[in-house]
Amino acid sequence: FKPTLDIRGQDKATALREVEQWLDKAVLLNENHLKILHGKGDGVLKNAVREKLKEFSFVQSTSGDYPENGGDGVTLVALN
């Protein structure tokens, strides 16, 4: 398991499916801090991913990363 998931360039449906499966594994492995690389572009993947993450009760918080680490092209995820 890798705590970083790269979904850059994927279509929205595929990316969200991959995020969901990856999150399930993270929970089973008791991971607490994750990173999703979705890129900046038009913000379609970023917005879709962040909306999807709101559906999971075990997601404590989400945020962008520091500009030098990808900024809005990255979503940091903290799990309960």
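Above this text you will find the structure in question.
Bear in mind the structure is a predicted one, so any value in this text is a computation, not a measurement.

Caption draft 1: Examining the pattern of salt bridges more closely. What the rule picks out here adds up to six salt bridges. The residue Glu20 makes a salt bridge to Lys52 at a minimum N-O spacing of 3.6 Å. With Glu20 in helix α1 (residues 12–28) and Lys52 in helix α2 (residues 44–53), the pair connects residues that are 32 residues apart, well separated along the chain. Exposure remark for Glu20: the relative accessible area of 32% places this residue in the partly exposed category. Of the residues examined, Lys52 reaches a relative accessible area of 17% and is grouped as buried. Across the pair Asp72 and Lys46 runs a salt bridge, and its minimum N-O distance is 3.9 Å. Here Lys46 lies in helix α2 and Asp72 lies in the loop between β3 (59–64) and β4 (74–79), a separation of 26 residues in the sequence.

Caption draft 2: Fine view of unusual backbone geometry. Residue Asn30 is not a glycine yet carries a positive backbone phi of 60°. Looking at the secondary structure, you find Asn30 in the loop between α1 and β2 (33–37). On the basis of relative accessibility, which here comes to 63%, the residue Asn30 falls in the exposed class.

Caption draft 3: Layout of the side chain of Thr75. Relative to the helices and strands, Thr75 resides in strand β4. Its relative accessible area of 0% is what places Thr75 among the buried residues. At a separation of 2.9 Å, a polar atom in the side chain of Thr75 contacts the side chain of Arg50. Each residue touching Thr75, except ones within four places of it in the same chain, is listed here: Leu34, Lys35, Ile36, His38, Arg50, Leu53, Thr62 and Ser63.

Caption draft 4: Structural detail: the pairing of β4. Here β4 lies mainly inside the structure; five of its six residues are buried. Sheet topology places β3 next to β4; five bridges connect them, and they run antiparallel. Paired with Val59 across the bridge in β4 is Leu79.

What counts, and at which threshold
- Residues numbered from 1 in each chain as written.
- Predicted model: local features only at pLDDT ≥ 70, side-chain atom pairs only at ≥ 80, totals over all residues.
- Heavy atoms only, no water.
- Salt bridge = Lys/Arg side-chain N within 4 Å of Asp/Glu carboxyl O.
- Helix = DSSP H or I, 4+ residues; strand = E, 2+ residues; numbered from the N terminus.
- Buried < 20%, exposed > 50% of the residue type's maximum accessible area, 1.4 Å probe, protein only.
- Polar contact = N/O pair within 3.5 Å; in protein donor to acceptor, adjacent residues only side chain to side chain.
- Contact = heavy atoms within 4.5 Å.
- Pairing = 2+ DSSP bridges.

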